[in-house]
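Commentary on secondary and tertiary structure
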Amino acid sequence: MNPAPNILDKIPQLEPDIPADGFAQAVFMQYLLWGGIAALVVLGLVAWLVVHIIRKRRAAQATPPPTHEQVALAALSRVEDDMPAIRECSLRVSLILRTFLEGQAHDSSLYETHEEFTQRMDSLSGVPLSCQNETRDLFDDLVRYKYAGNADGSQDQVRGLTGRARELVSRITREQERLAAEKADGKESAS
């Protein structure tokens, strides 16, 4: 018979004492590695966000808002496309012109009745002199159509009103640009 094995011989022997510094250093290096990776990810996200915001702002700045002339001409095109009755057409064209004059020439006609507008001494003072009579004449015609009732106007009348308004808007803008250029040239030559 075999003698009974000694159980103490079966227990493995541990290595001599390993200093704890080795374990602490390995754990610290793991934390340092994962912390560095996390910091790089956060920095990458912040950098991407900053670049995205800068590009978005540049894109917004690169596309200038439409000018008062462009807005008015687009609105007049919509009126012409709709071909409304002459009364509605005159109301819409009048509102478009008044909005244009308020933005382009800083004229308060948008907030006035036609009677207030015609009686105000400084009405159309921001509009070049060469365009003031034409502007008043167009507003007078628009008022006449406004009170003409609901009679259907012809397509020619609608096109005529929108065409006159379109030409007036463009002419006012060109004249203002020309006068501003002359004024700038006068300042440069005086310097």
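Treat the numbers as computed from the prediction; the structure is a model and nothing was measured. (Residues numbered from 1 in each chain as written. Predicted model: local features only at pLDDT ≥ 70, side-chain atom pairs only at ≥ 80, totals over all residues. Heavy atoms only, no water.)

**Digging into the overall build of the protein**
- A count of helical and extended segments in the protein gives seven helices and zero strands.
- When the helices and strands of the protein are read in sequence order from the N terminus, they spell out α-α-α-α-α-α-α.
- Across the 191 residues in the protein, those meeting the buried criterion constitute 25%.
- Sequence-distant contacts in the protein: of pairs separated by 6 or more residues, those separated by 24 or more amount to 64%.
- Carbon and sulfur atoms form 60% of the exposed surface of the protein, whose accessible area is close to 14000 Å². (Helix = DSSP H or I, 4+ residues; strand = E, 2+ residues; numbered from the N terminus. Buried < 20%, exposed > 50% of the residue type's maximum accessible area, 1.4 Å probe, protein only. Contact = heavy atoms within 4.5 Å. Areas by Shrake-Rupley, 256 points an atom, 1.4 Å probe, with all protein chains shown as cover.)

**Quick look at helix 4 (residues 86–104)**
- Taking 1.5 Å per residue, 19 residues should reach 27 Å; helix 4 reaches 26 Å between its end C-alpha atoms and fits that length.
- For helix 4, the full list of buried residues reads Ile 86, Cys 89, Ser 90, Val 93, Ser 94, Ile 96, Leu 97, Arg 98, Phe 100, Leu 101 and Gly 103.
- In the segment just after helix 4, His 106 is the residue with positive phi, at about 55 degrees. (Expected span 1.5 Å × (residues − 1).)

**Points about the packing of helix 3 (residues 68–82) against helix 4**
- One way to put it is that helix 3 packs onto helix 4 with a least axis distance of 9 Å and a crossing angle of 175 degrees. Classed by the angle they form, the pair helix 3 and helix 4 counts as roughly antiparallel. Residues His 68, Glu 69, Ala 72, Ala 75, Leu 76, Arg 78, Val 79 and Asp 82 of helix 3 pack against Cys 89, Arg 92, Val 93, Ile 96, Phe 100, Gly 103 and Gln 104 of helix 4.
- For the contact of helix 3 with helix 4, the per-class residue count stands at eight nonpolar, three polar and four charged. (Axes fitted to C-alpha atoms, helices over the stretch in contact; angles between N-to-C directions. Parallel < 35°, antiparallel > 145°, perpendicular 65-115°, else oblique. Nonpolar A, V, L, I, M, F, W, Y, C, P; charged D, E, K, R; others polar.)

**Details of a nonpolar patch on the surface**
- On the surface, Leu 33, Trp 34, Ile 37, Val 41 and Leu 45 cluster together to form a nonpolar patch covering roughly 540 Å² of accessible area.
- Take Val 41: it is sitting in helix 2 (residues 20–62). (Patch = residues over 30% accessible without salt bridge, like charges linked within 9 Å, V, L, I, M, F, W, Y side chains within 5 Å. Salt bridge = Lys/Arg side-chain N within 4 Å of Asp/Glu carboxyl O.)

**Overview of the packing of aromatic side chains**
- Using the criterion set out here, one finds one aromatic pair in the structure.
- Above the plane of the ring of Phe 139 lies Arg 98, whose end atom (NZ or CZ) is 5.0 Å from the centre.
- Directly above the aromatic system of Tyr 145 lies the positively charged group of Arg 144, at a separation of 4.9 Å from the ring centroid. (Phe/Tyr/Trp six-rings, centres within 6.5 Å; stacked < 30°, edge-to-face > 60°. Lys NZ or Arg CZ within 6 Å of the ring centre and 35° of its normal.)

**Focus on the pattern of salt bridges**
- Taken as a whole, this structure holds twelve salt bridges when the rule is applied.
- A salt bridge links Arg 92 to Glu 88, with the shortest nitrogen-to-oxygen separation between them at 3.4 Å. In this pair, Arg 92 and Glu 88 are both assigned in helix 4, four residues apart and thus about one turn of the helix distant.
- We classify Glu 88 as partly exposed; its relative accessible area is 40%.
- Between Asp 141 and Arg 164 there is a salt bridge, with the nearest N and O atoms lying 2.6 Å from each other.

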